[in-house]
Amino acid sequence: MKKLTMIFAVIALFAVNANAQSSNEGRGGLGIRGGGNFYTFGGGDISEDNYTNRTGFHLGLYSTFFVAESFAIEPGVYYAMKGTRNDDFLNSRANLDYVDVPVLARAYLTEGFNIFAGPQISFLAASTFEGDLFGSTVSFDSNNVRETDYGLVVGLGYNLPKGLNVQGSYSYGMAPVFKNSNSDVYNRGFNLSVGLTF
């Protein structure tokens, strides 16, 4: 609870700054964004396993403020579904949900197109592992998943009229998924999003 309170407090501060920037220049502002997630595990220790994407969603808030004519900073906070599926005899699944906090730098190539990149820290919200056995789904919670993840986000966006925007991004996790393990396993995947800036 303390982590979430701190996250939203930070975003609120950025939102105030962004709205001030927006009122001064007519650009930037607070927005809402959501869309689809397509995540799996990456890393050397899973390269020979038959992992496939876990399809989920992300939803949250962002705040954009311009520090130059064609350059903006955008912090955000999102609830995001990650994890993976494995086409083994159990059809096993790792359902890992996080609160993502990226801080992106956006460079506008044209009035609409922009590229972005930045660091992201993620806080584990839920971790459940499932499998199918004799026609039934067996699931259990795990405390062996790290509570904090971090990595890099890169992507391409396009601003539409009336505050709408679309973007695609790739999240490159850099912290091992599991605690007390030397396994080379990371959260990695794609996001496709639609946003609205107010």
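Here the structure is a predicted model, which is why all the values come from computation and not from measurement. (Residues numbered from 1 in each chain as written. Predicted model: local features only at pLDDT ≥ 70, side-chain atom pairs only at ≥ 80, totals over all residues. Heavy atoms only, no water.)

Colleague: How should the overall build of the chain be read in this particular structure?
Modeller: Each helix and strand counted, the chain has one helix and 10 strands in total. Reading the helices (α) and strands (β) of the chain from amino to carboxyl end gives α-β-β-β-β-β-β-β-β-β-β. Within the chain, contacts between residues separated by at least 24 positions form 62% of all contacts whose residues are at least 6 apart in sequence. Working note: accessible area of the chain is about 10,400 Å², and carbon and sulfur atoms make up 62% of it. (Helix = DSSP H or I, 4+ residues; strand = E, 2+ residues; numbered from the N terminus. Contact = heavy atoms within 4.5 Å. Areas by Shrake-Rupley, 256 points an atom, 1.4 Å probe, with all protein chains shown as cover.)

Colleague: Which parts of the structure should I look at to understand the packing of aromatic side chains?
Modeller: By convention here, two paired aromatic rings are described through the distance between centres and the angle between planes. For the coordinates displayed, the defined rule picks out five aromatic pairs. Judged by centre distance (6.1 Å) and plane angle (80°), the rings of Phe41 and Phe178 are edge-to-face. Remark: Phe178 occurs in the loop between strand 9 (164-173) and strand 10 (186-197) and Phe41 occurs in strand 1 (residues 29-42); sequence separation between them is 137 residues. Residue classification places Phe41 among the buried positions, given a relative accessible area of 6%. Three or more aromatic residues link up through ring pairs in this structure, and these residues are Phe41, Phe129 and Phe178. One residue, Arg33, lies across the ring of Tyr62, its end atom 3.9 Å from the ring centre. Directly above the aromatic system of Phe116 lies the positively charged group of Arg106, at a separation of 4.3 Å from the ring centroid. (Phe/Tyr/Trp six-rings, centres within 6.5 Å; stacked < 30°, edge-to-face > 60°. Buried < 20%, exposed > 50% of the residue type's maximum accessible area, 1.4 Å probe, protein only. Lys NZ or Arg CZ within 6 Å of the ring centre and 35° of its normal.)

Colleague: In this structure, what is going on with unusual backbone geometry? I would like to understand it.
Modeller: Trans peptide bonds make up the majority, and among non-glycine residues the majority have a negative phi. Despite not being glycine, Lys162 has its phi angle at roughly 60°, a positive value. Judged by relative accessible area, which is 80%, Lys162 ranks as exposed.

Colleague: Please clarify how the nonpolar core should be interpreted in this entry.
Modeller: Nonpolar side chains tend to gather and get buried jointly when the protein is soluble and globular. Phe41, Ile46, Ala94, Leu96, Tyr98, Phe129, Val145, Val177, Phe178 and Val185 together form the largest nonpolar core, which totals 10 residues. Among the elements that make up this core, the one with the highest residue count is strand 5 (residues 93-108) (three residues). When sequence neighbours within four positions are dropped, the list of residues in contact with Val177 reads Phe41, Leu96, Asn144, Val145, Arg146, Val185, Tyr186 and Asn187. (Core = buried A, V, L, I, M, F, W, Y, C linked by side-chain atoms within 4.5 Å.)

Colleague: What exactly am I supposed to notice about the pairing of strand 6 (residues 113-133) here?
Modeller: Each regular strand displays side chains that alternate between the two surfaces of the sheet. Relative to strand 6, strand 5 runs antiparallel, the two being bridged by 14 bridges. Note that in strand 6 the partner of Ala105 across the bridge is Ala117. (Pairing = 2+ DSSP bridges.)

Colleague: Would you explain the confidence of the model for the chain in this entry?
Modeller: Close inspection of predicted coordinates is inappropriate for parts of the model with low pLDDT. The predicted model of the chain has a mean per-residue pLDDT of 85, with 80% of residues at 70 or higher. Predicted confidence for residues 20-26 stays below pLDDT 50, and this span has eight contacts to residues more than four positions away or in other chains. (pLDDT = per-residue confidence, 0-100.)

Colleague: Help me out: how do you make sense of the pattern of salt bridges in this one?
Modeller: According to the stated counting rule, one finds five salt bridges in the structure shown. Note that Glu74 is salt-bridged to Arg106, the shortest N-O span being 2.9 Å. Highlighted residues: Glu74 in strand 4 (residues 71-86) and Arg106 in strand 5, separated in sequence by 32 residues. With respect to burial, Glu74 and Arg106 carry one shared label: buried. A single salt-bridge network, built from bridges that share partners, covers Arg33, Glu74 and Arg106. (Salt bridge = Lys/Arg side-chain N within 4 Å of Asp/Glu carboxyl O.)

Colleague: Can you help me understand the environment of Thr55 in this one?
Modeller: Relative to the elements of secondary structure, Thr55 occurs in strand 3 (residues 54-68). Spatially, the C-alpha atoms of Thr55 and Phe38 are 4.8 Å apart, while their sequence positions differ by 17 residues. Those residues in contact with Thr55 that lie beyond four places of it in its chain are Asn37 and Phe38.

Colleague: Looking at this model, I keep getting lost on the pairing of strand 8 (residues 148-159). Mind explaining?
Modeller: Sheet topology places strand 6 next to strand 8; 11 bridges connect them, and they run antiparallel. Bridging from a neighbouring strand, Ile121 pairs with Tyr150 of strand 8. In this sheet, strand 9 lies alongside strand 8 in antiparallel orientation, the contact comprising nine bridges. Residue pairing for strand 9: Val153 is matched across the bridge by Ser171. Connecting the antiparallel pair strand 8 and strand 9 is a turn made up of four residues, with Lys162 showing a positive phi of about 60°.

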